[in-house]
Amino acid sequence: MSNTTRRHRSAWPAVLLTGSVVAGLLGEPSSEAQRQSFQEEVDVNLVNVDVVVVDKKGELVTDLGPDDFVVTDDGKKVEVEYFARLMAGSVAPSAPGVEGVTATAESVSAAAPAASATAAGRERRRVIVFVDVDSEQLLNRNRLLDQLSEYLGAHAEDTVAMIVTYGGAGLDVELPFSTSPVEWKTAIDAIKEMPSRGLARAAEQQRMVESIKAIQRRAGSARSLQSARDQLDELIGSVRTESEMMRMEGRATLRAVQTLVSVLSTVQGPKSLLYVGDGVPIHPGEELYHLLSDVFEGDRRFGSSGGVIDDSSSAAQAPAGQGSSAGSVSEVPATVRPMAQSPQTLRTDSMSLDLTPELRALTATANSHRVTIYGLSSDVQGGAGRADMNLGSRVSASAALTYDVARSQLREQSLQFMADETGGLTLPSSGGVASFMDRVLADDANRYSLGYVSPHGGDSRFHKIKVKVNRKGLELRHREGYIDRPRELRVGDLVAGALLLGWSENPHQLEMELVSQAPAENGETAVTLGLHIPIDQLQLVLAGEQHEAKLDLFILSKDDKGAISPLRSVSFTVALSPAQMAQAKGKYYAANLPLSLVQGPHAVAVGMLEPATQRTSVVRKEIEVGADAPPSAPKG
């Protein structure tokens, strides 16, 4: 979904913290402030749905019109107000009345607002390469990166690419959007040298598999059976701990991707995100839980009803005259000694750790910002283990085979989930990168763009989208829904995008400078930033005897280690007396923003929303905290 003032916009939900602002008028006011150069803009929540249509043979269908589509929002039919066929090579001049926006020759709309979706032939496709550096299969990951770099280099003429990594150091933009294949290759080659925590994760799981073997060997001897039981008890606890750690890591990875797709709202139009890595397990530890169940669940030595069989007590509990004799078997059941951990509960336990909510939050955010996710698994078929792991004679062939493929498949399921929910694809295990990327780029260059106004008024909830066509035998791929966020929350996207990507829109012509800094408590520095707001750019409304403009500010900062502060916000009112209004032409209003930051380099981004016009401006500044602040030049 895009918020539109006849442009595309969208945003990211954030926790808003209160701040403080000291505001005042800079310079001697002059006249004619009533005739500010602001524009009336209508804040329309336009839901954009990019649809790829193929026939039964998988061939693209490119001859559908607006009447062939039916769109429902939460099950209710909505009117498609904006429609365009975006086919490679099908380009027409810009639509009248929509400055700076191109339309295809197939665009259908009298007023042509559909032209906000730009034709693929006139604008470079936007590709974001997201690399999970913590992949377990490093050689495969690097092989994929080499092939991807070569492919993108061969298609550089119509591609702009960004390179992003996530690992132990967090989310890092290695290369902002660039059109240079040399820069792409340099960034990718640097990623190939990065270490991976995935190797340690793989080693820990292999250690647990070795423990299973050791337990089986111990259980083969009556004298060491109790030791085997205790060791199994301990191993089950270790599996639960490891699974919880995997869940924490998976959550962090998904939140990093969600942050990335959030700030991509500052980039207009559709975006293709290529996820290179293992993915995350939807149910962390599931393969180990199931392996333990397959090996020990039916083993009488380790319990059959949630405990351990204690055969030594059977004879002592037999009634008089019914003890065992030679050639006979006692009918008295053995005592079941409860275990602290039971293999009988493992299959149920494996489902309790579930990352589906985090995956849905990620895909909902991606859908709101026209980001389609494509999964390129760094694993290979059967690459996580071997079917002949020699787990012991009691391990069935199916149990060994299940574990062999489960570790890779369970992670790849998350890549498939993200692709399905956002209208993307995943790289087949037997497919090549080149043929897969051909399909990715074909999606971008041959699609339909449908748009309708959200009927929900920015309620911050997820809404389901369903698109059907009136022609039989066709398959559609499109994003499954969106979150309809109010404008105030969407501003957070623009601020975060300016902070991380360095891009910003500034129609108010804001200026920001470092005013002062001084030592503060806990080794931090009290920093004051000055935000200068041209009065001519504000819509000042008569309120009693003075003119007022209400403004909302949103502030984010990032240190040189990549740590981002919580988003803070503050609201205030610019109030000018009649005398000030008469002299306000060409003057600035000053808002001083106090921050407390640690020493070192920082990037600070400030967004300003003017609710009366729904205009948003963002300004970004690099500062060195701890250095002497240069004297500020007065504005006026």
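None of these values were measured; they are calculated from a predicted model.

Conventions we followed
Residues numbered from 1 in each chain as written. Predicted model: local features only at pLDDT ≥ 70, side-chain atom pairs only at ≥ 80, totals over all residues. Heavy atoms only, no water. 1 Å grid on protein atoms, 1.4 Å probe; cavity = no way out; pocket = protein on both sides within 12 Å on 5 of 7 lines; lining within 4 Å. Points joined across faces, edges and corners; volume = space filled by probe spheres on them. Nonpolar A, V, L, I, M, F, W, Y, C, P; charged D, E, K, R; others polar. Helix = DSSP H or I, 4+ residues; strand = E, 2+ residues; numbered from the N terminus. Pairing = 2+ DSSP bridges. Contact = heavy atoms within 4.5 Å. Axes fitted to C-alpha atoms, helices over the stretch in contact; angles between N-to-C directions. Core = buried A, V, L, I, M, F, W, Y, C linked by side-chain atoms within 4.5 Å. Buried < 20%, exposed > 50% of the residue type's maximum accessible area, 1.4 Å probe, protein only. Phe/Tyr/Trp six-rings, centres within 6.5 Å; stacked < 30°, edge-to-face > 60°. Expected span 1.5 Å × (residues − 1). Salt bridge = Lys/Arg side-chain N within 4 Å of Asp/Glu carboxyl O. Parallel < 35°, antiparallel > 145°, perpendicular 65-115°, else oblique. Left-handed = near helix turned anticlockwise from the far one by under 90°.

Engineer: Which parts of the structure should I look at to understand empty space enclosed by the protein?
Structural biologist: It is the rolling of a water-molecule-sized probe over the atoms that shows where space remains empty. A full pass over the atoms with the stated rule returns six cavities of 30 Å³ or more. Each pocket or cavity is described by its volume, and for the largest cavity that value is around 140 Å³. Asp50, Thr372, Tyr374, Asp443 and Arg447 are the residues nearest the centre of the largest cavity, which is lined by 14 residues in total. Along the lines of polarity and charge, the residues of the lining of the largest cavity split into three nonpolar, four polar and seven charged. The volume enclosed by the second largest cavity comes to roughly 110 Å³. No other element matches helix H4 (residues 225-263), which puts four residues into the lining of the second largest cavity. Broken down by class, the residue content of the lining of the second largest cavity amounts to four nonpolar, three polar and six charged.

Engineer: What exactly am I supposed to notice about the sheet that holds strand S18 (residues 481-483) here?
Structural biologist: Sheets are built from strands that pair by backbone hydrogen bonding, the pairs being arranged parallel or antiparallel. The sheet built from four strands is open, its strands ordered S6-S5-S16-S18 with antiparallel pairing. Every other strand in the sheet has two partners, leaving strand S6 (76-77) and S18 as the edge strands with one partner each. For strand S5 (residues 69-73) and strand S16 (residues 462-469), the ladder comprises five bridges, and the chain directions are antiparallel. Residue pairing across strands places Phe69 opposite Val469, the latter belonging to S16. In the packing of helix H7 (residues 356-368) onto the sheet, the strands contacted are S16 and S18, and the crossing angle to S18 comes to about 90 degrees.

Engineer: How should I be thinking about the sheet that holds strand S9 (residues 159-167) in this particular structure?
Structural biologist: One open sheet holds the five strands; their spatial order is S10-S9-S8-S11-S14, and the pairing between them is mixed. The open sheet has two edge strands with one neighbour each: strand S10 (170-178) and strand S14 (371-377). Adjacent strand axes in the sheet meet at a mean angle of 20 degrees when their direction is disregarded. Of the strand pairs in this sheet, strand S8 (residues 125-132) and strand S11 (residues 271-277) are connected by five bridges, and their pairing is parallel. Opposite Ile128, over in S11, you have Leu273 as the bridge partner. Across the face of the sheet, helix H9 (residues 433-445) comes into contact with S8, S11 and S14 while running at roughly 175 degrees to S14.

Engineer: Where do I start with the nonpolar core in this structure?
Structural biologist: Generally speaking, a soluble globular protein has its nonpolar side chains buried in company with each other. In terms of nonpolar packing, the biggest core is built from 42 residues, with Ile128, Phe130, Leu264, Leu273, Tyr275 and Val495 touching the most fellow members. Setting aside its immediate chain neighbours within four residues, Tyr275 contacts Phe130, Asp132, Thr253, Val257, Val280, Ile373, Tyr374, Gly375, Leu376, Leu415 and Met418.

Engineer: Would you take a moment to explain the layout of surface pockets for this structure?
Structural biologist: Volume-wise, the largest pocket comes out at about 630 Å³. Contributing to the lining of the largest pocket are 29 residues, with Ala169, Gly170, Leu171, Asp172 and Gly562 lying nearest its centre. Breaking the lining of the largest pocket down by element, the ones donating at least two residues are S9, S10, H4, helix H10 (487-501) and strand S22 (546-559). Top element by residues in the lining of the largest pocket is S10. It accounts for five residues. Residue classes in the lining of the largest pocket are distributed as 15 nonpolar, seven polar and seven charged.

Engineer: Could you clarify how one ought to interpret the packing of aromatic side chains in this entry?
Structural biologist: Each aromatic ring pair is summarised here by two numbers: the centre-to-centre distance and the angle between the ring planes. Counted under the stated rule, the structure contains six aromatic pairs. Centre to centre, the rings of Phe130 and Tyr275 are 5.1 Å apart; their planes meet at 50 degrees, and the pair counts as tilted. Of the two residues, Phe130 is situated in strand S8 and Tyr275 in strand S11; the sequence distance between them amounts to 145 residues. Of the two residues, Phe130 and Tyr275, both sit in the buried class. Arranged with centres 6.5 Å apart and planes meeting at 15 degrees, the rings of Phe572 and Tyr589 form a pair that is stacked. Of this pair, Phe572 sits in strand S23 (residues 568-576) while Tyr589 is found in strand S24 (residues 588-597), placing the two residues 17 residues apart along the sequence. Phe572 gets classed as buried once you look at its relative accessible area, which sits at 12%. Judged by relative accessible area, which is 7%, Tyr589 ranks as buried.

Engineer: What is the right way to read helix H1 (residues 138-154) from this model?
Structural biologist: Since the α-helix packs 3.6 residues into each turn, any two residues three or four apart lie on the same face. Compared with an ideal rise of 1.5 Å per residue, which puts 17 residues at 24 Å, H1 spans 24 Å between its outermost C-alpha atoms and is within 8% of the ideal. In this fold, the buried residues of H1 make contact with S8, S9, helix H2 (181-192), S11, S14 and H9.

Engineer: Before we go on, may I ask you to explain the pattern of salt bridges in this structure?
Structural biologist: One side chain can pair with another of opposite charge once the charged atoms of both are near each other. Applying the stated rule across the entire model yields 14 salt bridges. In this structure, Asp146 and Lys192 form a salt bridge, with 2.7 Å as the shortest nitrogen-oxygen distance. Note that Asp146 is positioned in helix H1 and Lys192 in helix H2, a separation of 46 residues in sequence. We classify Lys192 as partly exposed; its relative accessible area is 23%. Within this structure, Asp50, Arg370, Arg447 and Arg479 form a network of salt bridges that share partners.

Engineer: Hey, could you run me through the packing of helix H3 (residues 198-219) against helix H5 (residues 286-296) in this one?
Structural biologist: Two quantities define a packed helix pair, namely the angle between the helix axes and the distance between the axes. It is the contact of H3 with H5, at a shortest axis distance of 12 Å, that shows an interaxial angle of 10 degrees. Accordingly, the angle class assigned to the pair H3 and H5 is roughly parallel. Contact residues: H3 offers Gln205, Met208, Val209, Ile212, Ile215 and Gln216, while H5 offers Glu287, Leu288, Leu291, Leu292, Val295 and Phe296. In terms of residue class, the contact of H3 with H5 is made up of nine nonpolar, two polar and one charged.

Engineer: Even after reading the chapter, I still don't get the side chain of Ser243, so can you show me in this structure?
Structural biologist: Within the secondary structure, Ser243 sits in helix H4. Exposure remark for Ser243: the relative accessible area of 0% places this residue in the buried category. In this view, Ser243 contacts Pro284, Gly285, Tyr289 and Leu353; residues no more than four positions away in its chain are not counted.

Engineer: I keep staring at unusual backbone geometry and nothing clicks. Help me out?
Structural biologist: For Asp74, which is not a glycine, the phi torsion comes out positive at approximately 55 degrees. Unlike most non-glycine residues, Arg370 shows phi in positive territory, near 60 degrees. With respect to the secondary-structure elements, Arg370 resides in the loop between H7 and S14.

Engineer: Explanation requested: the packing of H3 against H4 in the structure shown.
Structural biologist: Where H3 meets H4, the closest approach of the two axes is 9 Å, and the angle between their N-to-C directions is 165 degrees. Of the possible angle classes, the one that applies to H3 and H4 is roughly antiparallel. In the packing of H3 onto H4, the handedness of the crossing is left-handed. For the pair H3 and H4, the contacting residues are Arg201, Glu204, Gln205, Met208, Ser211, Ile212, Ala214, Ile215, Arg218 and Ala219 in the first and Leu225, Ser227, Ala228, Gln231, Leu232, Leu235, Ser238, Val239, Glu242, Met246 and Glu249 in the second. Tallied by class, residues from the contact of H3 with H4 come to 11 nonpolar, five polar and five charged.

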